[in-house]
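Structural description and commentary
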Amino acid sequence: MRSLSYNEKILLIILIVSTLITVYITIYLSSTTTDNNNIFVINTTTENSHEGLHEGYKYTLPDNVTFQAWNNLAKEIYDSPTYDSYILICEKSIIPYAASALSFIIENLSKPIILTEPNNLKNVYKLAKKTKIPEVSIYSNGKLLRGVRSIIDHRNNIISQYYPPLTLSNCLKSPSETMSLKFINPKISVGIINIHPGITSKDFKNTDNMKGLILDCANSDFPKSKSFINVISSTIKKGTIIVVTNYNKIYPTIIKIGIILGYDMTINTAYNKLCFLLSNISEKKFISQIMNHNLRGEITI
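Below you will find a few notes about this structure.

A look at the overall build of the protein
Assigned secondary structure in the protein consists of eight helices and 14 strands. Across the 301 residues in the protein, those meeting the buried criterion constitute 46%. Accessible area of the protein: about 16,200 Å², with a carbon and sulfur share of 53%.

Written as structure tokens, this is what we have:
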């Protein structure tokens, strides 16, 4: 058998390397842009927007939406593991809240779950066939927004104020663990109080039985008066966990008395996260620590 010449050996090496590179690129592209042909559409509205598309499921939300509704929807997704991605059709008014709640309930999510309004379904369906972003996201203005970062602004648009639209480079990493559920107890009592000029202890009169409170400072700085600080301190000593959000300034006294900083978490997310932690963790000192840590990309520290 004739031995290969030097030039022939070089050519063979080049062909082998080129083949390996081609195989690598093919595998990489298939891992990021492979079509997801098996899509589960869950419609919670009265509109038949999924008509003519692939698999669909109708789920009627109760008039008074509670965490039990999101627990049930999470269970539907969990019990349908053969699908490549999931589309959840909701009315706009509940989309940011629902996306945030589902983000915490579903742990180790490795597939896309996209929430959208009925009129966007055809566009979302095309997008769901392509994306591999393993998060609960919201379709808005042609982009995917992180569910735990999204709000409805004063123009009635769903936006992500502190985090850019999701891409494969800034989304959460696909987990190595299998998907699991940790439900939120619908009976958990957490309240939201809007801080406003002139707020007094009377605004806290119905909070004695609350497990947690979210103080929203979007419309006013946190009060520095001694009487107000004493009310907050007393509430915390009784066992209520208090988180403050949307603040422009924070004072050392606030941290000293045990208030948890919400940083740039949205109100919906701070509320859902606190309810989630109270439902699944018994030690309050751990809840205080975890509120300040990222679970689903909900916070920038």
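Digging into the pattern of salt bridges
Scanning all chains against the criterion turns up eight salt bridges. Where D79 meets K75, a salt bridge forms, and the shortest distance between an N and an O atom there is 2.7 Å. The partly exposed category is assigned to K75, whose relative accessible area is 37%. Of the charged contacts in the structure, one is a salt bridge between K273 and E298, with a shortest N-O distance of 2.6 Å. One end of the pair, K273, is in helix α7 (residues 267-280); the other, E298, is in the segment after α8 (284-290), with 25 residues separating them in the sequence. Assigned by exposure class, K273 and E298 land together as buried. A network of salt bridges, in which partner residues are shared, links E107, K182 and R296.

A few points about the nonpolar core
Judged by nonpolar contacts, the single largest core of 52 residues is most densely connected at W70, L115 and L274. Among the secondary structure elements, those contributing two or more residues to this core are β1 (39-43), α2 (67-78), β3 (85-89), α3 (95-105), β5 (113-116), β6 (136-140), β13 (241-245) and α7. Grouped together as the second largest cluster of nonpolar side chains are 20 residues, C217, V231, Y247 and I259 included.

Details of the sheet that holds β6
Sheet architecture is open: six strands sit in the order β2-β1-β3-β5-β6-β7, paired in mixed fashion. Edge strands, defined here as strands with exactly one partner in the open sheet, are β2 (56-58) and β7 (143-146). Strand-to-strand twist of the sheet, defined as the mean angle between neighbouring strand axes without regard to direction, takes the value 25°. Pairing of β1 with β2 involves three bridges; the strand directions are parallel.

Notes on the environment of I94
Turning to its location among the elements, I94 is positioned in the loop between β3 and α3. In sequence terms I94 and I151 are 57 residues apart; their C-alpha atoms lie 10.0 Å from each other. Apart from the residues lying within four places of it in its own chain, the contact partners of I94 are L61 and W70.

Some words on the sheet that holds β13
Strand order in the open sheet made by the four strands is β11-β12-β13-β14, with parallel pairing throughout. Looking at strand neighbours, the two that pair on one side only are β11 (190-194) and β14 (260-261), the edges of this open sheet. Where strand β12 (residues 212-216) and β13 come together, five bridges link them in parallel fashion. Paired with I214 across the two strands is V243, which belongs to β13. In the packing of α7 onto the sheet, contacts are made with β11, β12 and β13, and the angle to β12 comes to roughly 165°.

Examining α3
With eleven of eleven residues buried, α3 is to be regarded as a mostly interior element. Every buried residue of α3 is accounted for by I95, P96, Y97, A98, A99, S100, A101, L102, S103, F104 and I105.

Digging into the side chain of D216
Here D216 is to be found in strand β12. Despite its burial, D216 remains without a salt bridge, the nearest opposite charge being carried by R149 at 15 Å. At 3.0 Å, the side chain of D216 forms a polar contact with the backbone nitrogen of A218. Within the structure, D216 has its side chain in polar contact with the side chain of N246 (distance 2.9 Å).

Overview of the pairing of β1
The buried fraction of β1 amounts to five of the five residues, a majority that puts the element mostly inside the structure. Because side chains alternate across β1, one face comprises the buried residues I39, V41 and N43, and the other comprises F40 and I42, equally buried. Both β1 and β3 contribute to a ladder of five bridges, which runs parallel. Note on β3: the bridge partner recorded for I39 is S85.

Description of the packing of aromatic side chains
One pass over the structure, following the stated rule, counts eleven aromatic pairs. Seen from their ring centres, F40 and Y86 are 6.3 Å apart, and the 70° between their planes marks the pair as edge-to-face. With F40 in strand β1 and Y86 in strand β3, this pair connects stretches of sequence that are 46 residues apart. Summarising the burial analysis for this pair, F40 and Y86 share the class buried. In textbook terms, an aromatic cluster arises when at least three aromatic residues are bridged by ring pairs, as seen for F40, Y57, Y83 and Y86. The side chain of R146 reaches across the aromatic face of Y163, ending 4.2 Å from its centre.

The rules behind the values
- Residues numbered from 1 in each chain as written.
- Predicted model: local features only at pLDDT ≥ 70, side-chain atom pairs only at ≥ 80, totals over all residues.
- Heavy atoms only, no water.
- Helix = DSSP H or I, 4+ residues; strand = E, 2+ residues; numbered from the N terminus.
- Buried < 20%, exposed > 50% of the residue type's maximum accessible area, 1.4 Å probe, protein only.
- Areas by Shrake-Rupley, 256 points an atom, 1.4 Å probe, with all protein chains shown as cover.
- Salt bridge = Lys/Arg side-chain N within 4 Å of Asp/Glu carboxyl O.
- Core = buried A, V, L, I, M, F, W, Y, C linked by side-chain atoms within 4.5 Å.
- Pairing = 2+ DSSP bridges.
- Axes fitted to C-alpha atoms, helices over the stretch in contact; angles between N-to-C directions.
- Contact = heavy atoms within 4.5 Å.
- Lys, Arg positive; Asp, Glu negative; His and termini not counted.
- Polar contact = N/O pair within 3.5 Å; in protein donor to acceptor, adjacent residues only side chain to side chain.
- Phe/Tyr/Trp six-rings, centres within 6.5 Å; stacked < 30°, edge-to-face > 60°.
- Lys NZ or Arg CZ within 6 Å of the ring centre and 35° of its normal.

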